[in-house]
Amino acid sequence: MNEIRLSKMELRNFKGIKEFTLNINGLNASIFGENGKGKTTLYDAFLWVLFGKDSTNRADFSVKPQDSTGNDIHYLETDVTLEFLINGQSKMLRKMLKEKWTRKRGTATEEFTGHETSYWVDTVPVKAKEYADVIGSIINETAFKLLTNPFYFCTQLSWQDRRKTLMEICGDVSDADVIASDKSLSELANILNGKSINDQRKIITEKIKMLNSQIEEIPVKINELSRTVLGEEINYSVVEAGLREHKANLKKIEQSMMNASQITSVYRQKQQEVFKLSSAIDNRKKELDAESGAGSKRLTDEKAKLENEKYRLDIDAKTIPLRIKDKESLISENEKNLVSLRQAWISENEKQFVEPDQELFICPTCKQSLPQDKKDEQIDQMRRNFEQAKTQAMDKARTRGHKLGAEQKAIADELEVLKNDLINNDLNTSLINERLNELNKEIDAEQKRSCGANYEADEKYMKLLSQLQSLQEELNKPIEETTSELIQQKTQVTEQIETLNRLLNTRDVAIKTKARMEELKEEEKTLAGQLSEFEKQRYLIEQFIVAKVNLLEGNINSRFKIVKWKLFDVQINGGVSECCEAMVDGVTYPNVNHAGKVNAGLDIINVLAGHYGCTAPIWIDFRESVSRIIDTQSQVINLIKSEPDKTLRVEVG
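A quick note: this is a predicted structure, and the numbers were derived from the prediction, not measured.

Calculation criteria
Residues numbered from 1 in each chain as written. Predicted model: local features only at pLDDT ≥ 70, side-chain atom pairs only at ≥ 80, totals over all residues. Heavy atoms only, no water. Helix = DSSP H or I, 4+ residues; strand = E, 2+ residues; numbered from the N terminus. Contact = heavy atoms within 4.5 Å. Pairing = 2+ DSSP bridges. Buried < 20%, exposed > 50% of the residue type's maximum accessible area, 1.4 Å probe, protein only. Axes fitted to C-alpha atoms, helices over the stretch in contact; angles between N-to-C directions. Patch = residues over 30% accessible without salt bridge, like charges linked within 9 Å, V, L, I, M, F, W, Y side chains within 5 Å. Areas by Shrake-Rupley, 256 points an atom, 1.4 Å probe, with all protein chains shown as cover. Salt bridge = Lys/Arg side-chain N within 4 Å of Asp/Glu carboxyl O.

S.K.: Is there a simple way to think about the side chain of Thr-81 in this case?
M.R.: Checked against the element boundaries, Thr-81 lands in strand E4 (residues 78-86). Not counting residues up to four positions away in its chain, the partners in contact with Thr-81 are Lys-8, Met-9, Glu-10, Met-92, Leu-93 and Arg-94.

S.K.: I'm lost on the pairing of strand E5 (residues 89-103) in this one. Help?
M.R.: Walk down a regular strand and you will see the side chains alternate between the two sheet faces. In terms of strand pairing, E4 meets E5 through 9 bridges, oriented antiparallel. Looking at E5, one finds that Glu-83 is bridged to Met-92. Summarising the sheet, E5 and strand E6 (residues 110-121) pair through 11 bridges and their orientation is antiparallel. For Arg-94, the partnering residue across the bridge sits in E6 and is Trp-120. Two successive antiparallel strands, E5 and E6, enclose a turn made up of 6 residues, where Gly-106 displays a positive phi of approximately 90°.

S.K.: Explanation requested: unusual backbone geometry in the structure shown.
M.R.: With glycine set apart, most residues show a phi of negative sign, and most peptide bonds adopt trans. Even without a glycine there, the phi angle at Asn-87 is positive, about 55°. Assignment of secondary structure puts Asn-87 in the loop between E4 and E5. A positive phi angle, close to 70°, is found at Thr-123, a residue other than glycine. Mapping Thr-123 onto the fold places it in the loop between E6 and strand E7 (124-126). For Thr-123, a relative accessible area of 59% puts it in the exposed group.

S.K.: What is the right way to look at the sheet that holds strand E3 (residues 29-33) in this model?
M.R.: Where strands meet in a sheet, backbone hydrogen bonds hold them as pairs that are either parallel or antiparallel. On the basis of which strands lie adjacent, the open sheet formed by 4 strands has the order E12-E13-E3-E14 and mixed pairing. Of all strands in the sheet, those with a lone pairing partner are strand E12 (618-620) and strand E14 (649-652), marking the two edges. Each strand of the sheet is rotated relative to its neighbour by a mean of 15°, with strand direction disregarded. With 4 bridges joining them, E3 and E14 adopt antiparallel strand pairing. Its bridge partner being in E14, Ile-31 is matched across the sheet by Val-650.

S.K.: Just to check I follow, could you spell out a nonpolar patch on the surface for this structure?
M.R.: Taken together, the side chains of Leu-27, Val-650 and Val-652 present a nonpolar region at the surface, about 210 Å² in accessible area. Within the secondary structure, Val-652 sits in strand E14.

The following block contains the structure:
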């Protein structure tokens, strides 16, 4: 077993301790002092060197000395050195924290810019990673805290982690072993079917919840269905007899309606023939009228066409002069623009390049006159730029002039066409007026000659008239109107049939509803049986857990002298839940006095030391409250409150 013992600890400017040396050479020690003199600070320094945390497992605690107002005292180095005996071999670990002060350029004062931490192993300076690796090679952080703090296991670890650690120390019990230990659990093997107890318990819990929910819904459904079948009993035989009678009546009414419909159809056909003959007679009269006035119609049509054409010419006579005026204005405007473009071209063409004064060519950097070759080069460039701009301006004026010239020619051609249209319009108007005068005379003469058409002399007209008169005589004969009455009777009988059918439907619904209610009752029985089976399985699993925990508790508790472990709780409803709670003389750990907690912690450390194969210094705070501690192979450092000791006092052995 590895043995870790504290040989020496030196503190400088750590929290409230300015300087202190604890030299115990790996032996047990007791440190005396009144409250506030730094007993717990020694344990904090011990853990800070190793893991950067204090005795309450905080990493953000302040290690620097502070003044009476609670502010850090600056320009001090916080330095702690630990010397261990590991299996008799010396190992020194040192850690120092100091402030960084920096003077910025241009300032006379220094500014605080942070902290830096330095590390040493056996007086050799190392980096933080190397330092942590050395400590980790000795023992990991959690194990070290478990082995040095008698309260850590029961106060800092969750019950799940405590339980897990105990299982690692004492070993778990397999499900097969638990089932074999109790014959009443034999059915569990088939129930589990390869699944774990936890997984099967989850499945069963979900099934029970689902079945309970389904069973609770069934009475509600049955109650809702029962409401639909309540009411007075109906004699469905009477309903069926009445339905047959009404259907027979409906068939008779529909036959009568069919007969009446045939009579009405013949009457309507004759009415349609009368309408056709009337139309044919009107058309024949129009044909005869047209034949008698054919000459007059031709003259009238010609007059209408000429009047329409005259109307169009009158409109053109008003619009063409306006269009001619617009074209002439546009030609005048374009001509002005052409003159301006010619003048611009001439002005650009007459421009000549004027060479600038050579004294103006000055170097922008040194303000000296440029060399002659540079001056000539710039003047040539200016001349080329001038000629290029001149050419572009002349080309632009020329292009615009050519475009305006083409537009002028097109507008002039359009103007010529409009003037010719105006002349032709006047000529055509005169010719139309002359022809209209002649037509008026011819129409008057034609109307005087015509005396109208003689319809009775036309054989076709008289034949159509005779057929029309014969049909009208047949239609004037009286017929019996029964259709409306039959429709009303059919509506009444149909409504009665629908009412009876609805009554019969209630019988079918009631039969189906009662059948569904019986199905729901059977379903409720089936679900209840399934629920009972799953509840039985749940009970077996709970008994399994009790049996397993009893085996585990016996195995685990046999390794401890003082502490007994409670690994499960029995619920009010008979269920079992896992836990991990330390007991001392039947009292739960939180309710045990300080001395009991210390000895319980030492008992736990003794077992953990065997598990990890290592012992480490145990720090016991408030040791004055414990009259006797149990035996342990570990080094023990007692922190004892002592009013007379105004400074820390150490006793070794």
